[in-house]
Structures are given as structure tokens and as C-alpha cells.
Amino acid sequence: MKMRNRMKLELLSLPGNVRLARVAVAAFASEVDYNVSDLEEIKVAVSEAVSNAITHGYQNEPDGVITLTATLFDNSLEIVIEDEGKGIEDIEEALQSTSSDPERMGLGFVFMRSFMDEVDVASEAGQGTRVILRKNLPGEIHAET
Ligand SMILES: Nc1ncnc2c1ncn2[C@@H]1O[C@H](COP(=O)(O)OP(=O)(O)OP(=O)(O)O)[C@@H](O)[C@H]1O
Ligand SMILES: [Mg+2]
């Protein structure tokens, strides 16, 4: 796949950086003619992934490093959010609408999966987590791969 553009951001695990990530991705995606609701969905998915890295991955410790890489391909926008935090023991369970925290709804991954065309999660307990979000570009029909 040919890259049309790429941006890489390194963020500290500070709550305010959820907004920074969302705004940066929206600016990066602005060269694509997504409609307002597609853009809104991308922003929510990015916010959910980054806040998971902060609250779960780094358990709100402010000195964790989160890497966000956004790549524009010919037919999709891909956003990869990585942390080197505590990792996920059971990915299948995490993807369901359950939370490790009784105060939470457990809807982060549910939103990411309903708003994006593809969501991949790779994680190793104690090593960290990588979430890959992909959204097709508008106005094109894509075969399932
Ligand atoms: N980056 C991460 N590092 C470690 N654990 C994670 C990470 N992201 C998600 N998880 C685990 O996956 C579970 C599900 O995440 P999800 O975002 O769906 O729900 P939540 O964060 O618990 O609740 P909500 O997003 O509704 O506030 C979390 O409860 C957490 O245990
Ligand atoms: Mg969450």
C-alpha cells in the first residue's frame, strides 16, 4: 500500500493529551473529504484508545509514553496507538462491553469497533498494547480482505 502522508506523535500519559491527540488526528485527516460524522467517529475512536492507554495501560501515571502514528494510504486512514503499559490479559474479553473497572461502562472498544472499518488489538501482559484503527476513505467501495 502506498503512503500518501504520515504523522507520528509521542505523547506523555497526561489526561489533557487525549484532546491533543484528537485535534491532531482531525487536522491530519482534514485533507481527506470525510463528512462531519465520519470525522467525529474518528475523533471518538482516537480519544477512546488514547484514554485507555492513559487510564489502563499506565494506570494514570503521568510519565508513560504513548505513540500515535497516523498514515494516509490510497484507500484508508490508519491510526496506531501504542503504549508500553501493563497490557491486556484477555483481549477477547476486553473487546466485549465489560470493564476491568466497575465505575466504567466498558464501551471504548465497542465504540472503536462500530465507528471504524477495522480495529486490531495486540497486547502482551506487562509489555504494552497496540491498537490499530482503520477507516476507509469516503466514496470508494472496498473488498473485504
Ligand atoms: N491500553 C490498554 N492497556 C491495558 N488495558 C487496556 C488498554 N485498553 C483497554 N484495556 C482493557 O480493556 C478493557 C476494555 O476497554 P474499554 O475501553 O472497552 O472499556 P473501559 O475503558 O473499561 O470503559 P470505558 O471506555 O467505557 O470508560 C479495559 O477495562 C481494560 O481492562
Ligand atoms: Mg476505555
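Starting from 1, residues in each chain are numbered consecutively following that chain's sequence as written. Note on labels: chains are lettered from A, ligands numbered from 1, in written order. Only residues with pLDDT of 70 or above have their local features reported here, since the model is predicted, and side-chain atom pairs are shown and tallied only from 80 upward, although totals for entire chains, interfaces and linings are computed over all residues. Only heavy atoms go into the side-chain values, all of them from the structure, while hydrogens and water stay out.

Note the threshold: UniProt positions are given in the numbering used here, feature names are shortened, and annotations may be inferred rather than shown by experiment.
As annotated in an unreviewed UniProt entry, the protein chain is Anti-sigma F factor from Syntrophaceticus schinkii. The heading Function (unreviewed entry) in the UniProt record of the protein chain holds the text "Binds to sigma F and blocks its ability to form an RNA polymerase holoenzyme (E-sigma F). Phosphorylates SpoIIAA on a serine residue. This phosphorylation may enable SpoIIAA to act as an anti-anti-sigma factor that counteracts SpoIIAB and thus releases sigma F from inhibition." In its Sequence similarities (unreviewed entry) section, the UniProt record describing the protein chain reads: "Belongs to the anti-sigma-factor family."

**Looking at the overall build of the protein chain**
Our working rule: Working definition: helices are DSSP H or I runs of at least four residues, strands are E runs of at least two. Numbering for both runs from the N terminus. As a reference, a globule follows 2.2 Å times the number of residues to the power 0.38, and the radius of gyration itself is taken over C-alpha atoms. A 1.4 Å probe rolled over the protein chains alone gives each residue an accessible area, and that area as a share of the maximum for its type sets the label: buried under 20%, exposed over 50%, partly exposed in between. In this description, contact between two residues means that some pair of their heavy atoms is separated by no more than 4.5 Å. Note on areas: these come from Shrake-Rupley sampling with a 1.4 Å probe, and a residue is covered only by the protein chains present in the view.
Counting secondary structure elements, the protein chain contains 4 helices and 5 strands. Start at the N end of the protein chain and walk to the C end: the helices and strands fall as β-α-α-β-β-α-α-β-β. Relative to the globule expectation of 15 Å for 145 residues, the C-alpha radius of gyration of the protein chain, 15 Å, shows essentially globular dimensions. Along the longest, intermediate and shortest principal axes, the C-alpha atoms of the protein chain span 40 × 30 × 25 Å. Scored against the burial criterion, the 145 residues of the protein chain give a buried share of 42%. A fraction of 66% describes how many contacts in the protein chain between residues 6 or more apart in sequence connect residues 24 or more apart. Total accessible area computed for the protein chain in this model is approximately 8,300 Å², and 48% of it derives from carbon and sulfur atoms.

**Quick word on the packing of aromatic side chains**
The criterion, for reference: Aromatic rings from Phe, Tyr and Trp, with only the six-membered ring used for Trp, were paired whenever their centres fell within 6.5 Å, and each pair was classed as stacked if the ring planes differed by under 30 degrees, edge-to-face if by over 60, and tilted otherwise.
Counting across every chain of the model gives 1 aromatic pair. Here the aromatic rings of Phe111 and Phe115 are separated by 5.7 Å at their centres, their planes lie at 5 degrees, and the arrangement is stacked. In this pair, Phe111 and Phe115 are both assigned in helix H4 (residues 108-115), 4 residues apart and thus about one turn of the helix distant. The class for Phe111 is partly exposed, based on a relative accessible area of 32%.

**Details of the site of ligand 1**
As a reminder of what qualifies: When at least one non-hydrogen atom of a residue lies within 4 Å of a molecule or strand, that residue is treated as near it. Counting of polar contacts relies on pairs of N or O atoms within 3.5 Å, with two restrictions inside protein: one atom must be capable of donating a hydrogen and the other of accepting it, and residues adjacent in sequence are counted only when both atoms are side-chain atoms. Residues are called lining when one of their atoms sits within 4 Å of a cavity or pocket point, these points coming from a 1 Å grid over the protein atoms alone, where a cavity is a set in which a 1.4 Å probe fits but cannot get out and a pocket is an open set with protein on both sides within 12 Å along at least five of seven lines. Occupancy of a cavity or pocket is assigned to a molecule whenever over half of its atoms lie within 2 Å of that pocket's grid points.
Around ligand 1, the surrounding shell holds 19 residues, and the nearest of these are Asn52, His56, Ser99, Ser100 and Leu107. One of the side-chain nitrogen or oxygen atoms of Ser99 is found 2.5 Å away from an oxygen atom of ligand 1. Contact with the protein chains covers 91% of the free accessible surface of ligand 1, which is 600 Å². More than half of the atoms of ligand 1 fall within 2 Å of the grid points belonging to the largest pocket.

**A word on a negative patch on the surface**
We count it as follows: For patches, a residue must show more than 30% relative accessible area and have no salt bridge; joins then use 9 Å for like charges and 5 Å for nonpolar side chains, namely Val, Leu, Ile, Met, Phe, Trp and Tyr. Every case where a carboxyl oxygen of Asp or Glu lies within 4 Å of a side-chain nitrogen of Lys or Arg is listed as a salt bridge. The charge count includes Lys and Arg as positive and Asp and Glu as negative, but it does not include His or the ends of the chains. Note that the charge is assigned to NZ on lysines, CZ on arginines, CG on aspartates and CD on glutamates.
A contiguous patch of negative charge, built from Glu89, Asp90, Glu92 and Glu93, is present on the exposed surface. Within the element layout of this structure, Glu93 appears in helix H3 (residues 91-95).

**Focus: the nonpolar core**
Condition: Among the buried residues, those of types Ala, Val, Leu, Ile, Met, Phe, Trp, Tyr and Cys that are joined through side-chain atoms within 4.5 Å form a nonpolar core.
One finds Val46, Val50, Leu68, Leu77, Ile79 and Leu133 to be the most contacted residues of the largest nonpolar core, which totals 35 residues. Secondary-structure elements contributing two or more residues to this core are strand E1 (3-12), helix H1 (17-29), helix H2 (36-57), strand E2 (65-73), strand E3 (76-83), H4, strand E4 (118-124) and strand E5 (128-136). Take this core: its biggest share by element is 7 residues, from H2. If we ignore the near neighbours within four places in the chain, the residues touching Val46 are Ala21, Arg22, Val25, Leu68, Ile79 and Leu133.

**Re H2**
In an α-helix, one turn spans 3.6 residues; hence positions three or four apart end up facing the same way. What counts here: Here the expected length of a helix is defined as 1.5 Å per residue gap, with one fewer gap than residues.
Helix length check: H2, at 22 residues, gives a terminal C-alpha distance of 30 Å against a target of 32 Å (1.5 Å per residue), a fit within 8%. The N-capping residue of H2, defined by a side-chain oxygen 3.2 Å from the backbone nitrogen of Ser37, is Asn35. Gln59 sits one or two positions beyond H2 and adopts a positive phi of about 45 degrees.

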